[in-house]
Amino acid sequence: MKQRKTEVLIVGAGPAGLAAALELKRLGLTDLLVLERDPVAGGMPRFCHHTGFGILDRHRLMTGPGYAAAWVADAKRQQVELLTQTTVIDWTGPLTCLATGPEGLQEIEARAVLLATGCRERPRAARLVAGSRSQGIFTTGSLQDFVHHLNCRVGKRAVIVGAEKVSLSALMTLAKARCRAVAMVTSFPRHQFYGIYRPAKIALADLLHRAPVKVNSAVHQILGHERVEAVEIKNLLTGDCTSTPCDTVVFTGDWIPDYELARSGGVPMDAGTLGPAVDRRLRTRKAGVFAAGNLLRGAETADVAAKEGILVARSIQTFLNHHDADFPCVPIVPDAAVRWVSPNLASPEDALMPCGKVRFSVKDFYRPARVRIEQADQVLFEQRLRACVPNTSYAISDHWMTKVNFAAGPVRFSVVQ
Ligand SMILES: Cc1cc2nc3c(=O)[nH]c(=O)nc-3n(C[C@H](O)[C@H](O)[C@H](O)COP(=O)(O)OP(=O)(O)OC[C@H]3O[C@@H](n4cnc5c(N)ncnc54)[C@H](O)[C@@H]3O)c2cc1C
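Caption draft 1: How the structure looks around the sheet that holds strand β27 (residues 394-397). Read from one edge to the other, the open sheet built from three strands follows the order β22-β24-β27, with strand pairing classed as antiparallel. Only two strands of the sheet have a single neighbouring strand rather than two, namely β22 (338-342) and β27. Sheet twist, expressed as the average angle between the axes of neighbouring strands with direction ignored, equals 25°. Of the strand pairs in this sheet, β22 and strand β24 (residues 357-362) are connected by four bridges, and their pairing is antiparallel. When the bridges of β24 are listed, Ser342 appears paired with Arg359.

Caption draft 2: Spatial organisation of the site of the ligand. Surveying the vicinity of the ligand reveals 35 residues, the closest of which are Glu36, Met44, Gly52, Asn294 and Glu300. At a separation of 2.8 Å, a nitrogen atom of the ligand approaches a polar backbone atom of Gly52. At 2.9 Å from an oxygen atom of the ligand is found a main-chain nitrogen or oxygen belonging to Ala302. Sorting the residues of the shell around the ligand by element identifies α1 (15-26), β3 (51-53), β6 (87-93), α3 (140-149), α4 (165-176) and α7 (302-322) as the ones contributing at least two each. Counting residues per element, the shell around the ligand draws most heavily on β3, at three residues.

Caption draft 3: Expanded view of the pattern of salt bridges. Applying the stated criterion to the full structure yields 21 salt bridges. In this structure, Arg77 engages Asp74 in a salt bridge whose closest nitrogen and oxygen atoms are separated by 2.8 Å. Here Arg77 pairs with Asp74, and both are found in helix α2 (residues 64-77), just three residues apart, close to one helical turn. Among the ionic pairs, Arg297 bridges to Glu308, the shortest N-O distance being 2.6 Å. One end of the pair, Arg297, is in the loop between β20 (289-291) and α7; the other, Glu308, is in helix α7, and eleven residues separate them in sequence. Arg297 gets classed as buried once you look at its relative accessible area, which sits at 4%. It is possible to trace a salt-bridge network through shared partners that takes in Arg370, Arg372, Glu374, Glu382 and Arg412.

Caption draft 4: How the structure looks around the environment of Val330. Within the secondary structure, Val330 sits in strand β21 (residues 330-334). Taking the C-alpha atoms as reference points, Val330 and Val154, separated by 176 residues in sequence, lie 49 Å from one another. Not counting residues within four places of it along the chain, the set of residues in contact with Val330 comprises Asn344, Leu345, Ala346, Gln375, Val404, Asn405, Phe406, Gly409, Pro410 and Val411.

Conventions used here
- Residues numbered from 1 in each chain as written.
- Predicted model: local features only at pLDDT ≥ 70, side-chain atom pairs only at ≥ 80, totals over all residues.
- Heavy atoms only, no water.
- Pairing = 2+ DSSP bridges.
- Helix = DSSP H or I, 4+ residues; strand = E, 2+ residues; numbered from the N terminus.
- Axes fitted to C-alpha atoms, helices over the stretch in contact; angles between N-to-C directions.
- Near = heavy atom within 4 Å.
- Polar contact = N/O pair within 3.5 Å; in protein donor to acceptor, adjacent residues only side chain to side chain.
- Salt bridge = Lys/Arg side-chain N within 4 Å of Asp/Glu carboxyl O.
- Buried < 20%, exposed > 50% of the residue type's maximum accessible area, 1.4 Å probe, protein only.
- Contact = heavy atoms within 4.5 Å.

Just geometry here; none of it tells us what the structure is for.
Written out as structure tokens, the structure reads:
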């Protein structure tokens, strides 16, 4: 088995991993290695053949493949060492990973490991939807791969499960494949298409008009033999079921971080995000292991993931110079209304991160919403927001962390009306 050593090992060449690699290069680190499971680097944006990428980081509107290609071209220009078709499958030491690729198995020992493995949508099986295992069942990701990369025919009539931003990607992909979306189904009382930029709203108006959102509903059962023939949609308020004929079902959203590698490496996880627990420097509780991008909490936009890549690179450089692995922190615990908070470890004031953000997502609609952060009996922070919508994330300043008492136990994060 091949053995090698490197200063920094980056697992995953999506926007987060590539942005981190480029920033480390810019900071003067030459010895770093990026490993990517897919044959081509660039991550999830490669599959999203629509615009909506690059607004915050590249300051222009790009398509997903264009955005991914721009990161890969930058990495090539800066001579980042990038091995594709190479999957990290295990750990053989605290900071030693085992990878498999075209050259066989190799063991890579690093001084710091960055996990940037992204997230995935929960497929049908994990959502416990009853019925047949017919052809024609997708997630948004597999649909995009099917349509844009494999150039396969999808079907004629589709039902989309979910009515959040990523569901609109499925809607556009179906339109491209000449498959008509006949309904979007959400268990919430309203859709969650908030915060979409205006040109996209206009472009989508006609498609949305033809695919009515069925609220307070769930796809209860998939019917069909070889191919999907219909879905049974249950009204969650009345319990009534109706059958909707279709030959395609797309399960959208319901993100789950690609956490398996983090877990197998013994990285402590956060119960809300289901990703590794991190502080605002994106340090995990395992010394020398960092995490960035959608692995942290499911899907944010690609520019947010790339910005986290830049931040974590600075954090890794500080770690390599000062070995500051042991840092004081307390967990940030969300209340019942809050789905996740990221970062989820409060850590002391930080010159490296003078104006950081804490992101959170809620489980229900709040209009208006009040965010309250408390420790013991002390209120550390309060802010009113016009509204909070599920399946959407919100960012607040993290300056309240300066008030945290690191001997006083967990910080509570709540959202109320
Ligand atoms: C349908 C859809 C539409 C979207 N639309 C938009 C949009 O309009 N605008 C926008 O800004 N964002 C959009 N996004 C979100 C955007 O794609 C993500 O935010 C971004 O890709 C996250 O980057 P990342 O680097 O964290 O993860 P990813 O891009 O997922 O990259 C992770 C990489 O890690 C690799 N990997 C995983 N495990 C291993 C392993 N063990 N070994 C080696 N490699 C591994 C994967 O192959 C992958 O390439 C969309 C996402 C989807 C799914």
